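# Report on the structure
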Amino acid sequence: MLSVTIARASNIKGHVYDQNTGEPLVGASVKIGTDRATLTGLDGSFEFKKVVAGNAILKVSYVSYKVFSKQIVILKEDNASLNIYLTKDNGNDLGEVVIASKHDGATENTARKIEQKSFQVMNVVSGHAMEISPDLTVANAIQRVSGVSIERSSNGDGQYAILRGMDKRYNYTLVNGIKIPSPDNKFRYVPLDIFPVELLERLEIYKSLTPNMEGDAVGGVVNMVMKDAPSKLAVSANVATGYSQLFFDRKYLGFDAGAVNAKSPYELNGRDYNAKPADFSTGTVDFKAKQAAPNLVGGISIGQRFLNNKLGVLVAGSIQNTYRGTNSTFFNSTINATDKISRITSMDYRQYSEQQKRYGLHAKIDYKFNLYNTLSLVNSYVNLTNIQTRDQVTTNFSSDYKPESGSAQLSYSTRARFTEQQIYNTTLHGEHTLVPQKLKLNWSAVYSSAKNDVPDESSVTLNGLRTANIDSKTTVAKGGLTHRWSRNTDEDKAGYIDLTYTAAIAGVNVDFTAGGLYRDKQRSSFYNNYTFEPLVLNTTYGVDFTNYADIKWDIQNPKGAVANALTYNASEKTSAGYGMFTFKINQLDVIGGARVEHTNQGYAMLFSAGELRPTGSQIYTDVLPSLNLKYGLTNTQNLRATYFRSINRPGFFELIPGGRTLEEYRERGNPDLKRAIADNIDFRYELFPNSGEQLLIGAFYKKIKDPIEYTIKADETRGQDSYYEPGNFGTAKNYGLELDYMKFFNKFGFKANYTYTHSRITTDKDTRVRNAVTGDLEPMIVQQTRPLFGQAAHIGNLSLLYKDTKNGWDAQLAGSYTGERINTISQFVDNDIWQKGFIQMDASVEKRFKNSFSVFVKAGNLLNTPTTLFIKGINAENAGLPNQDANSNETLIRKDFYEQTYLIGLRYKL
């Protein structure tokens, strides 16, 4: 198979390929003579410099391939490079993605093969790529995918995925193809920062749907494929430590998390109990500044197959204990009768100190009875505990405020919050071939639960005064202390079944698949709040007390405030059936059909609080057709065209009419909120020149009827009250282009992607116009066109890669850009709050040694990129206020800095 037997150069170079697929083999061993050896690079290339002329034996070897050995003649003249093709020992290749994924599903080669062979438009991030990347959580890893941006949490870490400019509400999350519930207390979307990447074999992002997939995704679907049992014993372990740059610069402010009361006095003693101050912990308001401990990250994975490969067992665990912080400036604003742009009323300077404890456990057992029957049991548990302190100083700007005087009315607020989120899933799955090559049956029985628990959230508020830049604190007359409990649980019981019959029609094998789903979801939500006043008013910090725990309090509502909109039960029963056909004619793959989903969603407020609709339900049925076409231009090129219809259901809290007061606004649901219905079209050209390279060029179009957006809306029944509430807003359109390119040059390579997204929606807005007769300003409703909430027009990623297989080096410098996007929708014209575009830069380096150990370093947020929120335009009244630039034509609303994070660790692989 080697056509060239004479190499005419003192420099010998060439490439090593797979004989069957033509793909370059990365890390193949190439030896010339007895004393020269090297490994092939990322593009399968190798080179020997200054080789002595004469006869030599060239030997090439690679795991699971036949060894190539041949004598060559080395001359001094230049000559073309050598192309060497290796064949596998067992004759198998990666053509069957299912087989490949069971053995090496975490590799880059498999990820590219899945993308190429898939019936759907999708992107795959391999487990290996995540392992050597700077990312620790799925939320951060997913931002490297084309068309995906992330929404950050208050500590700067990625939390939610936004796919193709569609807000996080428009996608859903799977674990091994099974939908999981959300621990969020109001919505359906799953926070991806709860999942550590080291439990995953790969991360799949579906951008089109097939009939056998649930239909409530407009942006796309995130599928986390967990680790599987390998064909032979595999052990992987790592431990790392690091620090946040922010806590080099200031102290960590904490409280005693062990003093948190898990349940409120109402829950412990019954609804008729009158709580006393002694029932509440003082440890949650006993704040102490200290040096943050180092971050600690660790994980282990053990897997093997037994009984002649019939039984597979894998157990993987992860633990992360990290300290993060944020320095934030926040401006509160309002609109008066004569204002066009919001007028700033106060400025909050906030310091967040947060400890995150992230645990993950994954276990899988599968047993192959024979070629026709397989059972598997998968259990996954993830837990994210946040212990957060927020210390805030508020400067109130009165009408006569003069910054040059150094005097202002102040208020101080310190909040202690303990949050625990957890998700558990167990799936029993069976695959059966009832009639070989004719009839197959797959089924799954699923139990899942999710929980969000925020017990004993405590907040102390004090008045203060700044005189000539000297601050003082005094206790306030009302609302000086609050203790709050909130908790919600989701429980899902579901069953899946798929039956596939293969028939020969006109010489073409056609797979006819029919199946269904039934899910019973039950949600319970609880919220209670106690408020306190100080027993002695106008006490002074430093004189009457030096610690918040020293203040004596008088409880104002001894029975609590459990009668609110967040104390409710909700349920959702979903039943679905589908029919699907799959066939291939020459180079054309076709998969299509329709899905029918029936939804019965309802709620019951446990305390109606005078609401006219304390209970409610929505029952509807949707028919969701889809068609996916893939045409193979060559063995390495595809053209795709897809269409699918999908929906987006309201969240549970979004239907509940009662309102509640948050820290920065009031919020309520809308019982008349309708589901959104979307028609989606995709086109994509794909080129896979080899296993490690790709070029993807795609376009998409979405037409969304009744999209769900939030706006601040006045309450006609409650005077001047305004609420942040969801609504349906006509019809929206969203379209864009995607470009994804990956290329390697020996030891160097890069991954780049860019997405342009354009969306438009027209909604009602409030404004004021001057009456031509009276000269008075009068309210008026007008229509304004804007992008969809959360949609950035431009998203891009660029990663520079270095891989030296011979010397065991991997390095990556990764940058992500997200353009400006709407963060909060206002009820007033030209007062939407936008987030500035930002670049996040991260880096990682890993050095492997021959004894199965490696050392790695990860660094995040190298540019210290802030999150900046602003309103386009500025009110003249805001000129001269701190941090407001009258020349920028922008009103700054918020700016958060997180600073850099560093991690160094040790990894072992057997």
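Residues numbered from 1 in each chain as written. Predicted model: local features only at pLDDT ≥ 70, side-chain atom pairs only at ≥ 80, totals over all residues. Heavy atoms only, no water.

## Thoughts on the overall build of the protein chain
To keep things clear, this is the line we draw: A run of DSSP states H or I qualifies as a helix once it reaches four residues; a run of E qualifies as a strand once it reaches two. Both are numbered from the N-terminal end. We take the radius of gyration over the C-alpha atoms and set the globule estimate at 2.2 Å times the residue count to the 0.38 power. For every residue, the accessible area obtained with a 1.4 Å probe (protein chains only) is divided by the maximum for its type, and the residue is called buried under 20%, exposed over 50%, and partly exposed between those limits. Every residue pair with non-hydrogen atoms within 4.5 Å of one another is taken to be in contact.
Each helix and strand counted, the protein chain has 6 helices and 50 strands in total. Against the globule reference of 29 Å for 910 residues, the protein chain gives a C-alpha radius of gyration of 30 Å, in line with a compact fold. By its C-alpha atoms, the protein chain is 95 × 65 × 60 Å across when sized along the principal axes. Across the 910 residues in the protein chain, those meeting the buried criterion constitute 54%. Pairs at least 24 apart in sequence give 71% of the contacts found in the protein chain among residues at least 6 apart.

## What to know about the sheet that holds strand S2 (residues 12-18)
What counts is decided by this rule: DSSP bridges decide pairing: two strands pair if at least two such bridges lie between them. Every axis in this analysis is a line fitted to C-alpha atoms, fitted for helices over the stretch in contact. Angles between the N-to-C directions lie between 0 and 180 degrees.
Strand order in this open sheet of 3 strands is S5-S2-S8, and the pairing throughout is mixed. The strands lining the two open edges of the sheet, one partner per strand, are strand S5 (45-48) and strand S8 (82-86). Geometrically, the sheet is characterised by an average inter-axis angle of 25° between neighbouring strands, direction not taken into account. In this structure, S2 lies alongside S8, joined through 5 bridges in parallel fashion. Counted as the bridge partner of Asp-18 is Leu-86 from S8.

## Considering the packing of aromatic side chains
What counts, and what does not: Under the pairing criterion, centres of Phe, Tyr and Trp rings, with the six-membered ring standing for Trp, must be within 6.5 Å; the plane angle then separates stacked pairs below 30 degrees from edge-to-face pairs above 60, leaving the rest tilted. Look at NZ for Lys and CZ for Arg. If either is within 6 Å of the ring centre and within 35 degrees of the ring normal, a charge sits over the ring.
Following the criterion strictly, the structure yields 23 aromatic pairs and no others. Ring centres of Phe-187 and Tyr-189 lie 5.1 Å apart, and the angle between their planes is 15°; this geometry places the pair in the stacked category. Using a relative accessible area of 11% as the deciding quantity, one classes Phe-187 as buried. For the ring pair Tyr-367 and Phe-369, a centre distance of 4.8 Å and an interplane angle of 75° mean the geometry is edge-to-face. On the basis of relative accessible area, Tyr-367 is assigned to the partly exposed category, the value being 27%. A residue is classified by how much of its surface remains accessible, and Phe-369, at 41% relative accessible area, is partly exposed. Put simply, the rings of Tyr-160, Phe-187, Tyr-189, Tyr-710 and Tyr-724 touch in pairs and so form one group of aromatic residues. When the ring centre of Tyr-172 is taken as reference, the NZ or CZ atom of Lys-179 above it lies at 4.5 Å.

## Thoughts on the confidence of the model for the protein chain
Note the threshold: Values of pLDDT, which run from 0 to 100, indicate the predictor's confidence residue by residue.
Looking at the protein chain, pLDDT values average 89 and 92% of them are 70 or higher. Here residues 1-9 is modelled with pLDDT under 50, and outside its nearest four sequence neighbours on either side it reaches 32 contacts, counting other chains as well.

## Considerations on empty space enclosed by the protein
Our working definition: Detection works on a 1 Å grid of protein atoms alone, calling trapped sets that fit a 1.4 Å probe cavities and calling open sets with protein on both sides within 12 Å along at least five of seven lines pockets, with lining residues defined by an atom within 4 Å of a point. Grid points are joined across faces, edges and corners, and a volume is the space filled by probe spheres set on the points. In this count, Pro and Cys sit with the nonpolar residues alongside Ala, Val, Leu, Ile, Met, Phe, Trp and Tyr, while Asp, Glu, Lys and Arg are called charged and the others, Gly among them, polar.
Applying the stated rule across the entire model yields 9 cavities of 30 Å³ or more. Roughly 370 Å³ of volume is contained in the largest cavity. Elements supplying a minimum of two residues to the lining of the largest cavity: strand S20 (311-334), strand S21 (343-370), strand S46 (838-848), strand S47 (853-860) and strand S50 (901-909). Lining the second largest cavity are 22 residues, with Tyr-172, Lys-179, Ile-180, Arg-188 and Asp-216 sitting closest to its centre. Among the secondary structure elements, those contributing two or more residues to the lining of the second largest cavity are strand S12 (171-175), strand S26 (481-505) and strand S27 (508-534). The class makeup of the residues in the lining of the second largest cavity is 7 nonpolar, 4 polar and 11 charged.

## Structural notes on the pattern of salt bridges
Defined as follows: By convention in these notes, a salt bridge is any Lys or Arg side-chain nitrogen within 4 Å of a carboxyl oxygen on Asp or Glu.
Going through the model one piece at a time under the given rule, you end up with 53 salt bridges. We note a salt bridge from Glu-597 to Arg-649, for which the minimum N-O separation is 2.8 Å. Here Glu-597 is found in strand S30 (residues 588-605), whereas its partner Arg-649 is found in the loop between strand S32 (637-648) and strand S33 (659-661), with 52 residues between them in sequence. The partner of Arg-907 in a salt bridge is Glu-846, with the nearest N and O atoms 3.1 Å apart. With Arg-907 in strand S50 and Glu-846 in strand S46, this pair connects stretches of sequence that are 61 residues apart. Glu-846 matches Arg-907 in its accessibility class, with the two residues each being buried. Counted as one network, the salt bridges with shared partners bring together Lys-179, Glu-214, Asp-216, Asp-490, Asp-492, Arg-519, Lys-521, Arg-523, Arg-595, Glu-597 and Arg-649.

## Let's talk about unusual backbone geometry
The backbone phi angle of Ala-506 is positive, close to 55°, even though this residue is not glycine. The topology assignment puts Ala-506 in the loop between S26 and S27. Within the chain, Asn-746 stands out as a residue other than glycine whose phi angle is a positive 55°. As for its position among the elements, Asn-746 is in the loop between strand S39 (731-745) and strand S40 (748-770).

## Focus: the pairing of strand S14 (residues 200-206)
Burial of S14 is extensive: 7 of the 7 residues sit out of reach of the surface. Relative to S14, strand S9 (residues 122-126) runs antiparallel, the two being bridged by 5 bridges. Looking at the pairing, Asn-123 lines up with Ile-205 of S14. Bridge count for S14 against strand S15 (residues 220-226) is 6 bridges, and the pairing is antiparallel. Residue pairing for S15: Arg-202 is matched across the bridge by Val-225.

## Quick notes on the sheet that holds S12
Pairing between the strands of a sheet comes from backbone hydrogen bonds, and it takes one of two forms, parallel or antiparallel. Pairing within the open sheet is mixed, and its 5 strands lie in the order S9-S14-S15-S12-S13. On the outer flanks of this sheet lie S9 and strand S13 (178-179), each paired with one strand and no other. Sheet topology note: the S12/S15 ladder contains 5 bridges and is parallel. Counted as the bridge partner of Asn-171 is Gly-220 from S15.

## Description of the nonpolar core
What counts is decided by this rule: Take the buried Ala, Val, Leu, Ile, Met, Phe, Trp, Tyr and Cys residues and link them wherever side-chain atoms come within 4.5 Å; each set so joined is a nonpolar core.
Core analysis: the largest hydrophobic core is formed by 33 residues, its most contacted members being Val-138, Ile-142, Phe-195, Leu-200, Leu-203, Met-224 and Ile-423. Among the elements of the structure, helix H3 (127-131), helix H4 (138-141), strand S10 (148-152), strand S11 (158-163), S14, S15, S20 and strand S22 (373-396) are those that each provide at least two residues to this core. Discounting chain neighbours no more than four positions away, the residues touching Leu-200 are Gly-127, Met-130, Val-138, Met-224, Val-225, Met-226 and Lys-227. By size, the runner-up hydrophobic cluster in this structure holds 27 residues, among which are Val-285, Ile-387, Phe-545 and Tyr-548.

## Some thoughts on the environment of Thr-502
Considering the arrangement of structural elements, one finds Thr-502 in strand S26. Using a relative accessible area of 15% as the deciding quantity, one classes Thr-502 as buried. As for Thr-502 and Leu-439, which are separated by 63 residues in sequence, their C-alpha atoms are 6.4 Å apart. Discounting residues that sit within four places of it in the chain, Thr-502 has contacts with Gln-437, Lys-438, Asn-509, Val-510 and Asp-511.

## Concerning the side chain of Gln-827
Applicable threshold: Here a polar contact is recorded for every N or O atom pair within 3.5 Å, except that within protein the pair must consist of a potential hydrogen donor and a potential acceptor, and residues adjacent in sequence are included only if both atoms are side-chain atoms.
Mapped onto the elements of the fold, Gln-827 is located in the loop between strand S44 (821-824) and strand S45 (833-835). A residue is classified by how much of its surface remains accessible, and Gln-827, at 8% relative accessible area, is buried. Looking at Gln-827, its side chain comes within polar contact range of the side chain of Asp-766, at 2.6 Å.

## A short note on the pairing of strand S6 (residues 54-61)
As paired strands, strand S3 (residues 29-32) and S6 are joined by 4 bridges and run antiparallel to one another. Paired with Ser-29 across the strands is Ser-61, a residue of S6. Direction of pairing for S6 relative to strand S7 (residues 68-74): antiparallel, over a ladder of 7 bridges. Paired with Leu-58 across the strands is Lys-70, a residue of S7. Here S6 folds back onto S7, and the loop between the two strands holds 6 residues, one of which, Ser-64, carries a positive phi near 75°.

## Details of the environment of Asn-171
Tracing the backbone shows Asn-171 in strand S12. Since its relative accessible area comes to 10%, Asn-171 is described here as buried.

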